[in-house]
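What the coordinates show
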Amino acid sequence: METVRFDELNLDERILRAVTDMGFEAASPIQAQSIPVQAEGLDMIGQAQTGTGKTAAYTLPLLNKLLIEGNPDNVVKSLIIVPTRELAQQIDQQFQGFSYYAPLSTTVVYGGGDGKGWDIQKNGMLNGADVVIATPGRMIAHLQNSGVDLSHVEYLILDEADRMLDMGFSDDIMKIISYMPAERQTIMFSATLPPKIRELAKTILRNPAEVNIAISKPNEAID
């Protein structure tokens, strides 16, 4: 497959500048195939292992949309749901890098820590973060106790969906989604697509495009 460069993917120049600063030139297969699909506003289910560059595959098109649209009403516009605190922190770091030249705000929401962490998360969401990156249990706690409003969410991303179901988060995910408008773009990434994931996809995605990056051997980026 021929190499696709990031500057061929119709991304805002502020994002491209940050991507270049971070030393990226060519898009990985999952990025090259899924960024244009998301740019068109379609729902999508992507199959890709960790280490294939999947975080950038959804953060870059999301950043691009947020930059084009702005957030004049200071609402929570996008939500990324992930299984663990470590992954939430990792995604936030990528966002910080990619949005270096762009005026975008992120709030990371996960359990543990002290009461101060809770207040920072709560205020971040109430002040209208462009991007909220959250673990399911903590997000529900905020929905029930902090008065967080998800009725303006336009973009929902579920990362490592298979892992979330394995960890028993299925009901939590559906509960969080019940706070959101039906009119939204939903993206789901999963390393595997067992029947229960397809079932979930059927419930929450609308006519999704499917992008599969088949990897028979372990990714070389993983030791």
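Residues numbered from 1 in each chain as written. Predicted model: local features only at pLDDT ≥ 70, side-chain atom pairs only at ≥ 80, totals over all residues. Heavy atoms only, no water.

Looking at the nonpolar core
Basically, it comes down to this: Residues enter a nonpolar core if they are buried and are Ala, Val, Leu, Ile, Met, Phe, Trp, Tyr or Cys, with the set joined through side-chain atoms within 4.5 Å. Classification of residues uses two cut-offs on accessible area relative to the type maximum, computed with a 1.4 Å probe and protein chains only: under 20% is buried, over 50% is exposed, and between them is partly exposed. Working definition: helices are DSSP H or I runs of at least four residues, strands are E runs of at least two. Numbering for both runs from the N terminus. In what follows, residue pairs with any heavy atoms lying within 4.5 Å of each other are defined as contacts.
By size, the foremost hydrophobic cluster in this structure holds 41 residues, and its most contacted members are Phe6, Leu60, Leu62, Ile80, Ile91 and Phe95. Of all the secondary structure elements, the ones that give two or more residues to this core are α1 (13–21), α2 (29–39), α3 (54–69), α4 (85–98), β6 (131–134), β7 (155–158) and β8 (185–190). Of all the elements, α3 adds the most residues to this core, at eight residues. Residues in contact with leucine 62, not counting those within four places in the same chain, are Ser78, Ile80, Phe95, Val131, Tyr155 and Ile157. Judged by nonpolar contacts, the second largest core, of 32 residues, contains Met139, Leu193, Ala201 and Leu205.

A look at the pattern of salt bridges
Applicable threshold: For salt bridges, the criterion is a side-chain nitrogen of Lys or Arg within 4 Å of an Asp or Glu carboxyl oxygen.
Scanning the entire structure with this criterion turns up 12 salt bridges. Of the charged contacts, one joins aspartate 159 and lysine 54 as a salt bridge, the two residues approaching to 2.9 Å between their closest N and O atoms. With aspartate 159 in the loop between β7 and α7 (161–166) and lysine 54 in helix α3, this pair connects stretches of sequence that are 105 residues apart. The salt bridge involving glutamate 210 is made with arginine 198; its shortest N-O contact spans 3.2 Å. Of this pair, glutamate 210 sits in strand β9 (residues 209–212) while arginine 198 is found in helix α9 (residues 195–204), placing the two residues 12 residues apart along the sequence. Put simply, Lys54, Asp159, Glu160 and Arg163 are held in one network by salt bridges that share partners.

Focus on the packing of helix α6 (residues 136–145) against helix α8 (residues 170–177)
Selection rule: Convention adopted: a line fitted to C-alpha atoms gives each axis, helices being fitted over their contacting stretch, and angles between N-to-C directions are expressed from 0 to 180 degrees. Note on angle classes: values under 35 degrees are labelled roughly parallel, values over 145 roughly antiparallel, values of 65 to 115 roughly perpendicular, and the remainder oblique. Each helix crossing is assigned a hand: it is left-handed if the near helix lies turned anticlockwise from the far helix by less than a right angle, otherwise right-handed if that turn is clockwise. Gly falls in the polar group here, along with every residue not listed as nonpolar (Ala, Val, Leu, Ile, Met, Phe, Trp, Tyr, Cys, Pro) or charged (Asp, Glu, Lys, Arg).
Their axes nearest at 9 Å, the elements α6 and α8 cross at an angle of 40°. Relative to α8, α6 is oriented oblique. Regarding α6 and α8, the two cross each other, and that crossing is left-handed. Contacts from Pro136, Gly137, Met139, Ile140, Leu143 and Gln144 in α6 reach Asp172, Lys175 and Ile176 in α8. Taken together, the residues of the contact of α6 with α8 break down into five nonpolar, two polar and two charged.

Note that all results are geometric; they support no functional claim without further evidence.
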